[in-house]
Amino acid sequence: MIKNPRSFDHAVLPVESLAAARSRHEALGFTVAPEARHPFGTENCCIFFEDGTYLEPLGINQREDCEASARAGNGFTAHDQAFRFRNGENGFSALAFLSEDAKADRDEFVRSEILAANNLTFSRSFEMPDGSMEEGRFELTFTRDRRAPDIMLFCCQDIHMPKAGKSVLAEHKNGVQGIAEIILSEQNPSDFQYYLQNVMDNRDTPSSSLGMEIAAANVNINVLTPEGLRMQFGVEREACDRGLRLEGIVFDGGCPPEDSLLRSHGRYAIADRKPGQGAFYAFTDTP
């Protein structure tokens, strides 16, 4: 049966503090949503876009709760704890794709031998721009490739997702409309071809000497060699060992108002990693 590729949903960006994430993203011209807490000890302040994608700067609210939930089998906090241990408090750790049926996804990932943990169902409150509170409910299905311990790909079913007021949060001073591309790196990208294909439900994977591309329904996933990463974005792969690494995000349109925060590289304006921003950001409307 021919399937349509999954849609990309959001990027998870661990940070040491949400205050640092808010300050950095507002300086880059983004509107940052109010802070929200998960029931298992983490917290976030998201950046929503008109195309339905978003960034999730992820902080620690109650470390004891995070550690306890990870020990109890929570795949989300277990990966976050491991990522921070290996990479520090500022980084790019996970990609989420939309799911229509989290339980069916679990069965599929079992067959593909990439299931990472039990499904996670949880609810959390959202503060709307008018100050009112709404509750969202979600179910997550996690995948893994043991050769790449610093990345997690998971699927997220929105059982109930508040929509009211999101249009205001998706208006950004920098003019960004959404996410066009996610950039990863690996010394031999094709080694992870089948893993990415199984998660994204797409077998079309064009490749070149500089990397490999695989398209979600709405965003392009580009896995570059270290040389390709350097040539296309002027960024060095920080890890010397093997494995997929999440590196950066290319936005659809827009550019930050402060030129001093950027450097030019080819057709891109690049905001390099800083505290509160664990991935490099590439803007396509260069100043």
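Caption draft 1: Here's a closer look at the environment of D191. As for its placement among the helices and strands, D191 is situated in the loop between β10 (178–185) and α6 (193–200). Note on D191: relative accessible area 31%, which makes it partly exposed. Those residues in contact with D191, other than ones at most four positions away along the chain, are R147 and R242.

Caption draft 2: Layout of the pattern of salt bridges. The tally for this structure, following the rule as stated, stands at 17 salt bridges. Across the pair R6 and D105 runs a salt bridge whose closest N-O atoms are separated by 3.1 Å. Of this pair, R6 sits in the segment before β1 (8–14) while D105 sits in helix α4 (residues 102–111), placing them 99 residues apart in sequence. Across the pair, exposure class does not vary: R6 and D105 are buried alike. Ionic pairing is found between R37 and E43, a salt bridge with its closest N-O pair at 3.9 Å. Relative accessible area serves as the criterion here: at 12%, E43 is assigned to the buried category.

Caption draft 3: A look at the pairing of strand β5 (residues 54–60). Extensive coverage of β5 is indicated by the burial of 7 of its 7 residues. With burial as the criterion, each face of β5 is covered, one bearing Y54, E56, L58 and I60 and the other bearing L55, P57 and G59. Both β1 and β5 contribute to a ladder of 5 bridges, which runs parallel. The residue bridging A11 from the neighbouring strand is L55, located in β5. Looking at chain direction, strand β3 (residues 42–44) and β5 are connected through 3 bridges and run antiparallel. Note on β5: the bridge partner recorded for N44 is L58. Here strand β4 (residues 47–48) runs beside β5; their pairing, made up of 2 bridges, is antiparallel.

Caption draft 4: Quick look at the sheet that holds strand β14 (residues 245–252). Pairing in this open sheet of 8 strands is mixed, and the strands run β11-β12-β13-β10-β14-β17-β16-β15 from one edge to the other. Strand pairing shows two members of the sheet lacking a second neighbour, β11 (207–208) and β15 (263–265), which therefore form its edges. When β10 meets β14, the two strands line up antiparallel, connected through 7 bridges. Across the sheet, residue I183 finds its bridge partner in β14, namely G248.

Caption draft 5: Spotlight on unusual backbone geometry. If you check the backbone angles, E113 has positive phi at about 60° while not being a glycine. With respect to the element layout, E113 can be found in the loop between α4 and β7 (120–127). With relative accessibility at 74%, the residue E113 sits in the exposed group. In the Ramachandran plot, D201 falls in the positive-phi region, its phi being about 55° despite a non-glycine side chain. Relative to the assigned elements, D201 resides in the loop between α6 and β11. Residue D201 is classed as buried on the basis of its relative accessible area, which comes to 17%.

Caption draft 6: Summary view of the nonpolar core. By size, the foremost hydrophobic cluster in this structure holds 49 residues, and its most contacted members are L55, L95, I182, F251, Y281 and F283. Considering every element that reaches this core, the biggest residue donor is α6, with 4 residues. Contacts of F251, omitting those with residues within four sequence positions, involve F30, F49, L55, V176, G178, I179, A180, Y281, A282, F283 and T284.

Caption draft 7: Structural detail: the packing of aromatic side chains. Inspection of every chain in the model, using the stated rule, returns 16 aromatic pairs. Among the aromatic side chains, those forming a connected cluster through ring pairs are F40, F76, F122, F138, F142 and F154. When the ring centre of F192 is taken as origin, the NZ or CZ atom of R147, which lies over that ring, is 4.3 Å away.

Caption draft 8: Looking closely at a negative patch on the surface. Together, E50, D51, E171, D252 and D285 make up a region of like negative charge exposed at the surface. One can find D285 in the segment after β17 (280–283).

Definitions and cut-offs
- Residues numbered from 1 in each chain as written.
- Predicted model: local features only at pLDDT ≥ 70, side-chain atom pairs only at ≥ 80, totals over all residues.
- Heavy atoms only, no water.
- Helix = DSSP H or I, 4+ residues; strand = E, 2+ residues; numbered from the N terminus.
- Buried < 20%, exposed > 50% of the residue type's maximum accessible area, 1.4 Å probe, protein only.
- Contact = heavy atoms within 4.5 Å.
- Salt bridge = Lys/Arg side-chain N within 4 Å of Asp/Glu carboxyl O.
- Pairing = 2+ DSSP bridges.
- Core = buried A, V, L, I, M, F, W, Y, C linked by side-chain atoms within 4.5 Å.
- Phe/Tyr/Trp six-rings, centres within 6.5 Å; stacked < 30°, edge-to-face > 60°.
- Lys NZ or Arg CZ within 6 Å of the ring centre and 35° of its normal.
- Patch = residues over 30% accessible without salt bridge, like charges linked within 9 Å, V, L, I, M, F, W, Y side chains within 5 Å.
- Areas by Shrake-Rupley, 256 points an atom, 1.4 Å probe, with all protein chains shown as cover.
- Lys, Arg positive; Asp, Glu negative; His and termini not counted.
- Charge placed at Lys NZ, Arg CZ, Asp CG, Glu CD.

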